[in-house]
Amino acid sequence: MIVLDLRDLSAFSSATRALLTTCSEAASVMLWKFHTPPQGHGSWQHGGGASLEDPIEVVVLWDAPPTEVLQSHGNEKDATEYGAYAVAIALADHLGFKVLGRTHQGSGTDWLMIRKGEPANDYYKLEVSGISRINTQKPEARLAEKTTQGRRGDWKRPGLAVVARFEDLRVLSEGWA
């Protein structure tokens, strides 16, 4: 079992507190739609395609969103995207990375990260996607798309793709060299 604490991402990333708070708030809104605070239970699988490892239980910790947070993140598409960023940042920490911040359009990725304790210029990509509900796109297909996207772009770096589906708290990830 792994625990992903989405309440305060600042220990996992050097991005601004405002951006990380936005991600945490969005995750709380998406989790609130389907789960009861302060935690949700789901699964995490790493690998790719037919080679996904057996699921590992994941517990996600989050705060119940107050009314103003629910109103601020009323656009479900945006809340799903930013909420998935929160899940990916916490997962990256679990895998030994520190997320630095967002990247430029065309890089092939959403975020940059480094291995903890490694040189600050030895970047890895972090490509993320969120799915709100079970009856939409399959997470395996989305993971394949995000892994392909992450390998492309004008930065040729190793990385990690993460897909988070909120309704059943299913998280998939795949790395590349």
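Residues numbered from 1 in each chain as written. Predicted model: local features only at pLDDT ≥ 70, side-chain atom pairs only at ≥ 80, totals over all residues. Heavy atoms only, no water.

(A) Structural view of the sheet that holds strand β3 (residues 56–61). If you walk across this open sheet you meet the eight strands as β1-β3-β2-β8-β7-β6-β5-β4, and the pairing is mixed. Edge positions in the sheet fall to β1 (2–5) and β4 (97–102), since each of these pairs with one other strand and no more. For this sheet, the mean inter-axis angle between neighbouring strands, taken without regard to orientation, is 30°. Here four bridges tie strand β2 (residues 39–46) to strand β8 (residues 170–176), and the two strands are oriented parallel to one another. Note on β8: the bridge partner recorded for W44 is V171. (Pairing = 2+ DSSP bridges. Helix = DSSP H or I, 4+ residues; strand = E, 2+ residues; numbered from the N terminus. Axes fitted to C-alpha atoms, helices over the stretch in contact; angles between N-to-C directions.)

(B) Structural view of the packing of helix α1 (residues 17–34) against helix α3 (residues 76–94). Between α1 and α3, whose axes approach to 7 Å, the crossing angle comes to 110°. Classified by the angle their axes make, α1 and α3 are roughly perpendicular. Judged by the sense of rotation from one axis to the other, the crossing of α1 with α3 is left-handed. Across from L19, L20, T22, C23, S24, A26, A27, M30 and K33 in α1, the residues of α3 making contact are E76, A79, T80, Y82, G83, Y85, A86 and I89. A per-class count over the contact of α1 with α3 returns 11 nonpolar, four polar and two charged. (Parallel < 35°, antiparallel > 145°, perpendicular 65-115°, else oblique. Left-handed = near helix turned anticlockwise from the far one by under 90°. Contact = heavy atoms within 4.5 Å. Nonpolar A, V, L, I, M, F, W, Y, C, P; charged D, E, K, R; others polar.)

(C) Molecular detail of the layout of surface pockets. When its volume is computed, the largest pocket comes out at roughly 200 Å³. Across the lining of the largest pocket, the residue classes break down as eight nonpolar, three polar and five charged. Computed from the structure, the second largest pocket encloses a volume of approximately 160 Å³. Among the elements of the structure, α3, β6 (123–131) and α4 (139–151) are those that each provide at least two residues to the lining of the second largest pocket. With four residues, the top contributor of residues to the lining of the second largest pocket is α3. Taken together, the residues that form the lining of the second largest pocket break down as two nonpolar, three polar and five charged. (1 Å grid on protein atoms, 1.4 Å probe; cavity = no way out; pocket = protein on both sides within 12 Å on 5 of 7 lines; lining within 4 Å. Points joined across faces, edges and corners; volume = space filled by probe spheres on them.)

(D) Examining the environment of A84 more closely. Following the sequence through the fold, A84 ends up in helix α3. We classify A84 as buried; its relative accessible area is 0%. For the pair A84 and G96, spaced 12 residues apart in sequence, the C-alpha separation works out to 18 Å. Residues within four places of A84 in sequence aside, it is in contact with V128, S129, G130, A164 and F166. (Buried < 20%, exposed > 50% of the residue type's maximum accessible area, 1.4 Å probe, protein only.)

(E) Spotlight on the side chain of S129. Its location among the elements puts S129 in strand β6. For S129, a relative accessible area of 8% puts it in the buried group. In this structure, S129 is in contact with A84, R142, K146, V162, V163 and A164, ignoring residues within four places of it in sequence.

(F) Region of interest: the packing of aromatic side chains. Taken as a whole and judged by the stated rule, the model has four aromatic pairs. Between Y82 and Y85 the ring centres are 5.2 Å apart and the planes differ by 75°, which places this aromatic pair in the edge-to-face class. Of the two residues, Y82 and Y85 both sit in helix α3, three residues apart, roughly one turn of that helix. Owing to a relative accessible area of 2%, Y85 belongs among the buried residues under this scheme. Judged by centre distance (5.0 Å) and plane angle (70°), the ring pair of F97 and Y124 falls under edge-to-face. Within this pair, whereas F97 is found in strand β4, its partner Y124 is found in strand β6, the two being separated by 27 residues in sequence. Like F97, the residue Y124 is buried in the burial classification. Ring-pair connections join several aromatic residues into one group, and the members of that group are Y82, Y85 and W111. Here the guanidinium or amino end of R102 rests over the ring plane of W111, the centre of that ring lying 5.4 Å away. Above the face of the Y124 ring, R115 is positioned so that its terminal group lies 5.5 Å from the ring centre. (Phe/Tyr/Trp six-rings, centres within 6.5 Å; stacked < 30°, edge-to-face > 60°. Lys NZ or Arg CZ within 6 Å of the ring centre and 35° of its normal.)

So, to be careful, I would describe these as geometric facts and stop short of saying anything about function.
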